[in-house]
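Structural features, examined
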Amino acid sequence: MIAEQTVKELEKSAVELAITVKQEALADSYTKVLQKYTKSLQIPGFRKGKAPASVLEQKFGPAMREESVYTLIDDAVQEALKQVEDKYKPLPYSSPNLVDEDNISTDIDKDLQFSITYDIMPQFELPTYTGISVEVPKVEVTDDEVSKEIEKLRDQNALVIEKDKAVEKDDIITVDYVEIDSDGKEVAGTDHKDFVFTVGSGTNFYKIDDDVLGMKKGDVKSIEKSFPEDSEYPEYAGKTITLKVELKQVKVRDVPELDDEFAQDVSEDYKSVSDLLSATKEKLEKSLESHLKETKLQHVVDKILEQVTIAVPQSMIEMEVDSSWRRFVSQSGMPEDQILKFLEFQGQTKDDFTATWREPAEKNIRVQLLMEKIKEKEGFTVEEKELEEEVNTQLPEGTDENTRSYYKTIIEDDMKIKKTGDFLLENNTFTEGDAIAYDTFMQEHQH
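This report concerns the structure included in the present document. (Residues numbered from 1 in each chain as written. Predicted model: local features only at pLDDT ≥ 70, side-chain atom pairs only at ≥ 80, totals over all residues. Heavy atoms only, no water.)

This brings us to empty space enclosed by the protein. Taken as a whole and assessed by the stated rule, the structure comprises 1 cavity of 30 Å³ or more. Taken as a whole, the largest cavity spans an internal volume of roughly 30 Å³. Per-class residue counts for the lining of the largest cavity are 5 nonpolar, 1 polar and no charged. (1 Å grid on protein atoms, 1.4 Å probe; cavity = no way out; pocket = protein on both sides within 12 Å on 5 of 7 lines; lining within 4 Å. Points joined across faces, edges and corners; volume = space filled by probe spheres on them. Nonpolar A, V, L, I, M, F, W, Y, C, P; charged D, E, K, R; others polar.)

Strand order in the open sheet formed by 4 strands is β1-β2-β4-β3, and the pairing between neighbours is antiparallel. Because the sheet does not close on itself, it has two edges, and the strands there are β1 (2-9) and β3 (97-98). (Pairing = 2+ DSSP bridges. Helix = DSSP H or I, 4+ residues; strand = E, 2+ residues; numbered from the N terminus.)

Size it by volume and the largest pocket reaches roughly 750 Å³. For the largest pocket, the lining is made up of 23 residues, of which E294, L297, Q298, N364 and V367 are closest to its centre. Of all the secondary-structure elements, those providing two or more residues to the lining of the largest pocket are α5 (273-305), α9 (358-378) and α11 (401-426). Of all the elements, α5 adds the most residues to the lining of the largest pocket, at 9 residues. Residue classes in the lining of the largest pocket are distributed as 6 nonpolar, 10 polar and 7 charged. Of the pockets and cavities examined, the second largest pocket occupies roughly 500 Å³. As for the second largest pocket, its lining consists of 17 residues, and the residues nearest its centre are Y93, M121, M316, Q368 and L369. Breaking the lining of the second largest pocket down by element, the ones donating at least two residues are α6 (314-332) and α9.

A few words now on the packing of aromatic side chains. Considering all chains together, one arrives at 17 aromatic pairs under this definition. Ring plane angle 65 degrees and centroid distance 5.3 Å describe the contact between F205 and Y236, whose orientation is recorded as edge-to-face. Here F205 is found in the loop between β8 (192-198) and β9 (220-226), whereas its partner Y236 is found in the loop between β9 and β10 (240-254), with 31 residues between them in sequence. Taking the relative accessible area as the measure of exposure, Y236 reaches 13% and is therefore buried. (Phe/Tyr/Trp six-rings, centres within 6.5 Å; stacked < 30°, edge-to-face > 60°. Buried < 20%, exposed > 50% of the residue type's maximum accessible area, 1.4 Å probe, protein only.)

As structure tokens, this is what we get:
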């Protein structure tokens, strides 16, 4: 069928496949289309299936020639893609597109010539990926960081108890409030019962944190609040209102003392404050070690990527962004159509919203492709026993064999990629750079 086919490489890991199909194949395709319609079409003046071919050609010739061409194009594309080199095979999610489709000839007396474009797996040569020197920040777990973590523990274990005292900052209070007009009457629709907030947090509409300081349970107070002209609430812009507030309850956070009893409450493994401090420091150091390991790997991979050009095809980026979108929708807990309506209300489309995801998506793909190529070159393997243990850890007991087999392949590949990362950490050099505070470093490297 195919007389000739040639491949031309384009930008961003796309190719153009030019195909020439013999005229004989085109004529045969047209004959089949003609025979199909000769049998099926009902032409006035002729019994079904008895109309002469000449009559059909006169009435439907252009449409039948077009159908025969496109039928042949489909068949020729399938045949041509089987014959191209492996490196020119299309990506599974990259649909071939006809080039200059409007100008494809439907003349069945000539060879059929057309071209398609599609994306392929990026081709690149591995640069040097060992013996590289990379600088990473110097980070330490100080006694101050341990103290901060202990304070978090104390705060988490604090009890909230009611007390008969004047309101102070950080107290948790319950109030009733309502707006009052110039005649001293309550403004309809502005009353709120049993409103709870922490004094000093600013988490109340009227921002009355400072105004309630010193009040006691049962006190009623009139408070004037003025709103600026540029208030975020247009209906209050430039206005001054009077608010009647009744304090109904005052609670405080009773933070436990840092003593051996507290340490034992945190964990039965601790007998004293010393045990708690040591374990807390060890936990922080393990977390730091894990994040530093990720940082080292990230920096060395970035260094390797500086030495190579990996042209990521558009279809790959679209797939990565779409995957991120589906995760976003899932984590939001909202139906996708509801999210899209919300974006529309804000004057945005899905593409607008995900636009900033594209650059990180491309970077992520480049990293994946690089790691995959290093994995293949080094030929990392996973022992069956080690693999089975990991599969048993990740999959619930009783998983059916087909599901288990599917995920086993994925888990094995993940383990090989981890070995690739460990290999890069072991075969490159890391020097300490400028010192960075522990909390600053950890905030910058939160997932």
